[in-house]
Amino acid sequence: MINRTVKDVAQATEGVQDGMTLMVGGFGLSGIPENSIAQLVKLGVTDLTCISNNAGVDDFGLGLLLQKKQIKKMISSYVGENDEFERQMLSGELEVELIPQGTLAERCRAAQAGIPAFYTPAGYGTEVAEGKEERSFDGKPHILEKAFKADFAFVKAWKGDEAGNLIFKGTARNFNPVMCGAATITVAEVEELVPAGELDPNQIHIPGIFVKRIFQGERYEKRIEQRTTRKRA
Amino acid sequence: MINRTVKDVAQATEGVQDGMTLMVGGFGLSGIPENSIAQLVKLGVTDLTCISNNAGVDDFGLGLLLQKKQIKKMISSYVGENDEFERQMLSGELEVELIPQGTLAERCRAAQAGIPAFYTPAGYGTEVAEGKEERSFDGKPHILEKAFKADFAFVKAWKGDEAGNLIFKGTARNFNPVMCGAATITVAEVEELVPAGELDPNQIHIPGIFVKRIFQGERYEKRIEQRTTRKRA
Amino acid sequence: MLTKEQIAQRISKEVKDGYYVNLGIGIPTLVANYVPEGIDVEFQSENGVLGMGPFPFEGEEDPDIINAGKQTITTLPGASFFDSATSFGMIRGQHVDLTILGAMEVAENGDIANWKIPGKMVKGMGGAMDLVASAENIIVAMMHTNRAGASKLLKQCTLPLTGVNCITKVVTNMAVLEITDRGFKLLERAPGVSVEDIKAATEGTLIVEGEIPEMNF
Amino acid sequence: MLTKEQIAQRISKEVKDGYYVNLGIGIPTLVANYVPEGIDVEFQSENGVLGMGPFPFEGEEDPDIINAGKQTITTLPGASFFDSATSFGMIRGQHVDLTILGAMEVAENGDIANWKIPGKMVKGMGGAMDLVASAENIIVAMMHTNRAGASKLLKQCTLPLTGVNCITKVVTNMAVLEITDRGFKLLERAPGVSVEDIKAATEGTLIVEGEIPEMNF
């Protein structure tokens, strides 16, 4: 067994530098790597390019990095619900590249799986296709999309073991698995870190080979963005 | 819940016709859809094109279809361990297309995921690349490979539920998940079929949306190809 | 004129037994409330769940179980969770039978614009571009005209496109229309709305053939 | 001359702590037996397992747990199972640190041929083409010459290629050689084998610089 554990978030984020490209897991505020984000704020690294489906809210998630103006560019599919984001974007301080959500997921997966480029119909005939190669397959037009390149991927899982194996919970899974191994260094934080052998090898969502560093996170807030409920009958 | 169950293998294979292209899961004899293969023999359909990593052995797996000369063409990565296969191939009765194993898996996955084509380095500079587009990404040469098109996919899982959700066991997983939803009709046979709700939604390997028909198979032989053991100390 | 709830109710009749359905934010979300008993469907949400159920009871919300609108949800028996690449594999691979989404504009050739208004804050397309480029059966739920009274069913979209030649049907507060090679084919009128009213509110080519029935609910 | 076991033993010294390793069939499989204590490695098999252990005890064979050679195996703590697409994602995505495989021929530019002999029954390339096209660190384990005594380390491969410019090292029964821009660079001699012996058995360009040490085990 190859032990992938590091002792804390400080060790997990070693090597992150100004100007780097980071992948950050999560959908909305669900399944975001809370500890790693807090540490990036603490480190004060700047000029970051962040590949993440969303950009958090004003005071949580990637919003915390935006507050400190640490992000130079966001690559996302949807960036609503964040006033500071809007201010920086409209003032030109923040560069934003919007891409279709499925393309975002597949460009991560391509990086993970060593596929340099693939064709997708998403975005054909729209401004997303500008400057991209177009080609028809069976009469249906597609565009060529390329694998992302990133320096670090920060993901959050539910359980993990010393070998770096990960299990996710519910829809907190989202982009986290596809970002594992899609960057030079993948850092996984988990709610519960167990010894190797405790997880059923059949039920592992991401094998440890895709994870370079793993640690148990602390004090998960897991904020709910839209609390919707129904009344009991 | 959308119920994907059919009553038996006869109903599961309805619509299979001469000349069709079939995907068949399994690696060696591990994780092969034993019941569906037996039924295809019984149905006597011929001129089949089979996409399957291997071709079984003389008297088991796809070898049973080869015995009856039901297969016109095999698309595989490795076809050893089968004398009848060799005889038909050398005599020209059987057409064989050999492709790299990772490309085979990815062409299935591409079909499942609506990716018409992708680039891979596998096979560049070899006869596999003949007639295929070549392109370099970051200075590394790749070739363009296309998604498979198939009429039926026959897969075998360990457990499944009425909704068509599948869970695989050990390395019997192999090509089975990537063939689900990669053909017009996917037929899954399982060792144990349970009511919807019994499987943990976190632990499902293949969601039922990728499976059109599911049934509980009978009398699994699960033959071992290379029995290797060690002595107790 | 239909209310938003009535638009959703009318669209629910397009949902057939055995359909896997992706519902967009807004009116489409309401469709789930009107699917009749005996019609088995499963709702997919592109953030990674199939088999979505109703909202949770108060106190039972789980931050790890949400839909693409970031709302807390529950799951039904037979549900599954999966990652975003698998989720869009379902969508791109045409395993989802029906997609229902909102729009700012629809053109008579099936183009749709629903993600960007130049000069305004752009929030992004989310999964909409993947959905419209992939799905074979896409119904748009929208108001027939904008707040200023201008038609949203156009000869050509004026806003940046989300997808081209992709919409199959439009259900508005005034009518049900099918996109054909020749333009918007009027199928049904909302109760109390005349063909003339619909003509006046439709900038794109409107095809009216024979008697146009009133919707029934 | 080294035995097959000794070739495997020598290669085991190339396996570093923390490596994920894919072993081909034949001599490469034997390498697992020689990895020293204290070196933590995980063996990947391309049919879908990471963390392979030794063969099972008699009576404990499981037909659902095999390696790419179709042999029954066991797993160690920390192991995982996955599908074939994920498995080759590991390989193609260069997550596997070291690949060890056999060959029929290796050329001085790093080309390899190991899957097909024209006119003979062709069994297929299996995962070999993906492995050699993707991995950054590939060691070939082979005999220096064929049964007829002809060199298998060539200027150019004569058999259909498995991959081009991809091999980093070759360990034979006679020598350890590194593939460089200038050809096969001789690093070590097998005990009792002279530089002249190796020269005579190598058809490709052989680079001999300084004193060539004997391997030590």
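Analysis parameters
Residues numbered from 1 in each chain as written. Chains lettered and ligands numbered in written order. Predicted model: local features only at pLDDT ≥ 70, side-chain atom pairs only at ≥ 80, totals over all residues. Heavy atoms only, no water. Helix = DSSP H or I, 4+ residues; strand = E, 2+ residues; numbered from the N terminus. Rg over C-alpha atoms; globule rule 2.2 N^0.38 Å. Contact = heavy atoms within 4.5 Å. Areas by Shrake-Rupley, 256 points an atom, 1.4 Å probe, with all protein chains shown as cover. Buried < 20%, exposed > 50% of the residue type's maximum accessible area, 1.4 Å probe, protein only. Pairing = 2+ DSSP bridges. Buried area = accessible area lost by both parts, 1.4 Å probe. Salt bridge = Lys/Arg side-chain N within 4 Å of Asp/Glu carboxyl O. Polar contact = N/O pair within 3.5 Å; in protein donor to acceptor, adjacent residues only side chain to side chain. Nonpolar A, V, L, I, M, F, W, Y, C, P; charged D, E, K, R; others polar.

The secondary structure content of chain A amounts to six helices and eleven strands. Whereas a compact globule of 233 residues would reach a radius of gyration of roughly 17 Å, chain A reaches 18 Å, a difference of no more than 12%. If you take every contact in chain A between residues at least 6 apart in sequence, the share linking residues at least 24 apart comes to 71%. Put simply, chain A shows about 8200 Å² of open surface, and 43% of that area lies on carbon and sulfur atoms.

We now examine helix α2 (residues 34-43) of chain B. Along an α-helix, a turn takes 3.6 residues, which lines up residues three or four apart on a common side. Residues and elements named next belong to chain B. When we look at burial in α2, the residues that qualify are E34, N35, S36, I37, Q39 and L40. Buried residues in α2 make contact with α1 (9-12), β1 (21-24), α3 (63-67), β8 (152-161), β10 (185-194) and β11 (213-216). Note on α2: the residue one or two positions beyond its end, G44, has a positive phi of about 70 degrees.

Below, the discussion takes up the sheet that holds strand β9 (residues 153-154) of chain C. Residues and elements named next belong to chain C. With mixed pairing, three strands are arranged side by side in an open sheet as β7-β6-β9. The strands lining the two open edges of the sheet, one partner per strand, are β7 (112-113) and β9. Of the pairings in the sheet, the one linking strand β6 (residues 105-107) to β9 comprises two bridges and is parallel in character. In the strand pairing of β9, A107 is matched with L154.

Before going further, it helps to examine the interface of chain B and chain D. Facing the 53 residues of chain B at the interface are 48 residues of chain D. Summed over both partners, the interface of chain B with chain D comes to about 4300 Å²; 58% of that surface belongs to carbon and sulfur atoms. When residues of chain B are sorted by the area they lose upon contact with chain D, T171(B), T228(B) and R230(B) head the list and together hold 16% of the total. The tally of links between chain B and chain D comes to eight salt bridges. Viewed at the interface, chain D and chain B are joined by 29 residue pairs in polar contact (both at pLDDT 80 or more). Listed by contribution, the elements that provide at least two residues to the side of chain B that touches chain D are α4 (83-90), α5 (101-113) and α6 (176-179) of chain B. At six residues, the largest contribution of residues to the side of chain B that touches chain D is made by α5(B). Residue classes in the side of chain B that touches chain D are distributed as 20 nonpolar, 18 polar and 15 charged.

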